[in-house]
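# A structural walkthrough
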There are 2 protein chains.
Amino acid sequence: MVTTPHAPEVFHIYDTTLRDGAQQEGLRLSVADKLRMAGCLDRLGVTFIEGGWPGANPSDTEFFQRARTELDLQHATLAAFGSTRRAGATAATDPQVQALVDSEAPVVCLVAKSHDRHVTDALKTTLEENLAMVTDTVSHLVEQGRRVFVDCEHFFDGYRANPAYALEVVRAAAEAGAEVVVLCDTNGGMLPEDMGEIVSAVGEVGVGLGIHCHNDSGCAVANSLAAVSAGVMHVQGTVNGYGERTGNADLVSVLANMQLKYGWDLVPDSCLADATAVCHEIAEITNVQLPGRQPYVGSSAFAHKAGLHASAIKVDANMYQHIEPELVGNSMRMLISDMAGRANIQLKGAELGFDLSDREVAARITTTVKQRESVGYSYEASDASFELLLRDELGVLELPFHILDWDVAVRAGRDGKDSTSASVTVSVAGQEASADASGNGPVNALDHALRTVLEPMLPRVGDFELTDYRVRILEQGHGTDATVRVLIDTTDGPHAWTTVGVGENVIEASWEALADAYAFGLIRHA
Amino acid sequence: MVTTPHAPEVFHIYDTTLRDGAQQEGLRLSVADKLRMAGCLDRLGVTFIEGGWPGANPSDTEFFQRARTELDLQHATLAAFGSTRRAGATAATDPQVQALVDSEAPVVCLVAKSHDRHVTDALKTTLEENLAMVTDTVSHLVEQGRRVFVDCEHFFDGYRANPAYALEVVRAAAEAGAEVVVLCDTNGGMLPEDMGEIVSAVGEVGVGLGIHCHNDSGCAVANSLAAVSAGVMHVQGTVNGYGERTGNADLVSVLANMQLKYGWDLVPDSCLADATAVCHEIAEITNVQLPGRQPYVGSSAFAHKAGLHASAIKVDANMYQHIEPELVGNSMRMLISDMAGRANIQLKGAELGFDLSDREVAARITTTVKQRESVGYSYEASDASFELLLRDELGVLELPFHILDWDVAVRAGRDGKDSTSASVTVSVAGQEASADASGNGPVNALDHALRTVLEPMLPRVGDFELTDYRVRILEQGHGTDATVRVLIDTTDGPHAWTTVGVGENVIEASWEALADAYAFGLIRHA
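This is a predicted model, so every value here is computed, not measured. (Residues numbered from 1 in each chain as written. Chains lettered and ligands numbered in written order. Predicted model: local features only at pLDDT ≥ 70, side-chain atom pairs only at ≥ 80, totals over all residues.)

### Considering the UniProt feature "domain: Pyruvate carboxyltransferase" (unreviewed entry) in chain A
Those places that UniProt annotates as "domain: Pyruvate carboxyltransferase" (unreviewed entry) correspond, in this numbering, to residues 11-273 of chain A. For residues 11-273 of chain A, the helix share is 44%, the strand share is 17%, and the end-to-end C-alpha distance is 20 Å. (UniProt positions renumbered as here; feature names shortened; annotations may be inferred. Helix = DSSP H or I, 4+ residues; strand = E, 2+ residues; numbered from the N terminus.)

### Points about the pairing of strand β3 (residues 77-83) of chain B
Residue and element names in this part refer to chain B. The buried count for β3 comes to six of seven residues, which makes it a mostly enclosed element. A crossover connection joins strand β2 (residues 48-52) to the parallel β3 through helix α2 (residues 58-70); in handedness this β-α-β unit is right-handed. Relative to strand β4 (residues 107-113), β3 runs parallel, the two being bridged by five bridges. From the neighbouring strand, serine 83 faces β4, where its bridge partner is valine 111. In the classification by handedness, the crossover that spans β3, the intervening helix α3 (residues 95-102) and the parallel β4 is right-handed. (Buried ≥ 20, exposed ≤ 12 C-beta atoms within 10 Å, placed from the backbone. Right-handed = clockwise from strand over helix to strand, strands pointing away. Pairing = 2+ DSSP bridges.)

### Section: the nonpolar core
Formed by 200 residues in total, the largest nonpolar core has its most connected members in A:Val150, A:Ala173, B:Val150 and B:Ala173. The next biggest cluster of nonpolar side chains, apart from the first, holds 98 residues, and it includes A:Ile345, A:Val486, B:Ala449 and B:Leu454. (Core = buried A, V, L, I, M, F, W, Y, C linked by C-beta atoms within 7 Å.)

### A look at the interface of chain B and chain A
Counting residues at the interface gives 97 residues for chain B and 100 residues for chain A. By residue number, the principal contributor to the side of chain B that touches chain A is strand β9 (residues 402-412) of chain B, which donates nine residues. For the side of chain B that touches chain A, a count of residues per class yields 35 nonpolar, 33 polar and 29 charged. Pairing of strand β11 (residues 402-412) of chain A with β9(B) involves seven bridges; the strand directions are antiparallel. (Contact = placed C-beta atoms within 7 Å. Nonpolar A, V, L, I, M, F, W, Y, C, P; charged D, E, K, R; others polar.)

### Re helix α1 (residues 31-43) of chain B
All names here are of chain B. For α1, which comprises 13 residues, the first-to-last C-alpha distance of 19 Å matches the rise-based estimate of 18 Å (1.5 Å per residue) to within 8%. Those residues of α1 that sit buried are Val31, Asp33, Lys34, Arg36, Met37, Ala38, Cys40, Leu41 and Asp42. The elements touched by buried residues of α1 are β1 (12-15), β2, α2 and α12 (275-286). Where α1 terminates, the next one or two residues include glycine 45, which has phi positive at roughly 85°. (Expected span 1.5 Å × (residues − 1).)

Written out as structure tokens, the structure reads:
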């Protein structure tokens, strides 16, 4: 009943995060970023890592230079991206082609036009010259000892407009010695049904085919799979689906679907089990937050909220998840919410290392959680505050410091000068101390003041860093006296935690989340 | 060459954002939120809006009560979600079933178990009793004059485990009078290839079939389309793909693919052209940032990075986009002063009663708007601030008051007492005045102080009321020094307006929006 395509003998997982992924709006990568990311991608077990376009910009040239000494790849082979030679020249004398050779990358992936109108209207050359450019550039690079792949840009739109010409480009590349010809859905508008049909038709050329999808119709993963079913032996994509517009095919979803659902043995199981860590590490490098909902590796991908499910999950977790999350290095999470019953709380407690098997204790904590959630707290998003509550209820909460008083003021004078300042007084082990600080906002000033007063006595706080601060108005329609919920994310490097504060006063709610963030870090990660 | 399935005579677009979408981690909706969202969904032209589970929680019951008087739907019919009756009881005496009747929703969507193991191990009843529960509950609701749809939970996993039983559940629902039987990929692990095969097999039952997908394999949109190709006449999904774990099928992508790629006439073109606005407005209500990369409606979905494509796009934009973005209300973004931008501003100016036909003036204002939007202002959401900017640029802004200075302080003492106080000094027609006020939060205190100082001189402000205050963090990953955007809604009874403030300091950004709210109200509605 499960349709499983037959696995080809050779199959390429081709990552283009560093080149096509870097086209994403707002994404800027240094050479050092790219080198770190290449190390991550190698851990994932991909076959090829496309490092960039040497010659097109200095930093990509530098990447390939430094890769020779700084990268020690275990699984992947480095590929350089470039273009077919200029019209009316020769490949041997084209500096852009020479830069590809100079990169010393063993694999070159050349982009070629395959849509007739793009040749005549965008490239402004003839259809014949475009074929000659493909033949000449591929032959030249093969002569230089390179393995050559050819990306046929706008292939599917081109095939619809002029199938004969699109096939001629594929044939020219194959005859000149290209190992793989990659069919690119450059505008990303394909649907899976058409994808399979066209790929099958191109199969007659008899060269190894690849697929490169964008997500404009929301089908990049499925389009890639449809092409695989139709016979391609090479899939291109990016980690976290980075890419221009709606992004490229999410390579991890495509890989996981093939390995876990088709049962193909594409990368070592240990590599796939590193996928969640790799995706999150790459998101840290790009500084683009990984959506919780991202398939397979998102923080919510195996998170369960409904109380309805929780009791049944205790019976058999696999009834409520499509794969075992550990296969991709993720884990099931039970979300604590006002929909939660006792079963959720017990599971969550066990996850954090607390024994809540006593039904009475579990029931009491469940009541507290529900009551606090009804006034606006949200523990599903803030494990750290939940753990503090749990410790408090179990009588094992020992606060590392006590707040005695604090204040914050924001002023804007008629001289045009603004100022924000805060002061905090705490006691640590019976010793009282105060500090003042300024900041670019009230919470920032309070954070500085708290850090300043704690650090001499509790030096661990020097490692704490606030990484995100979110404010949510809970009840609409009440103007500035609405209840707000503040979430603060904190990290000390190896660990990250989230705390919550609630109140009508945004500063007080922020302060609650802030003080909890420091308390939790000191208790749990001191 | 394009595979276009034949359109069924009747086709349902069934939105479950308010029910299944609300299961998303971190998403909490008030009844007021849901009512506003229902209005947005109706603008999209969906056939059904599932409002929630009346009886399961008080707020969903309240939603259906208030919907009767507060919702005026033009396109959609309201549906209530519920469950088949309890084992060993009767539908007529089951309070949960009665709550569905009491909701007065004309359509009821019942969830039923269709996977044998879920019946025996999770529901803990017999396979026979489960069938009786389906038959009894559907018949009872049909007798009560309701249109009944049945969601077969875990259908695809169930069909694989025990196809005969899964089909029996479908048959029981059909024979009892269900109008549509919806096949649910509850765990979201299906791939499109298998989807079509199983849906076709179920087709033999001869009842109208629907599809409900989750995105765990990254294929929810494609799975929905595969089911449509295999003959379903009802698609369920959520706006922005909200939902538990990896989310539900993104209903707008599914709809746009069917309407624009299949060429099916499912909703009025004007509704589809409202899709981008609707998705962004719903994201404002949920306060979950809409990913720039979201297909069709994301801010990056038709954004082109300068480079290889830039000059060719000028030749023919359609060579570089899969659809015309205007069809879904989105727009191509590339250069600072593109035609679409200026045209929009001219249109908006005319709407507000300003003549911007002078190309130079329009271009200058477009540049200002784009520059301010690039640092975080959002004029789409704040007409009042846009009008103030317009008046300023046109040299016709006469401020009714000038702010000279202001300050606000929040204090928490060791006596457990908190206080928040603010003071504001303004000049009105050359006369200086100050006022102090306290409040339950810093913005509330500033609002009170500003109102107090203005009212004796400008009594109209006595009618102003702040009805909503929203804070959005614009840049993730920067902790408390992130840039925030504040939106404030104000009303004077007959009119309502929204202003915006932006900055790293939440208090200063709030103050900007607050001062603009008073200025606009006095200028426009004095």
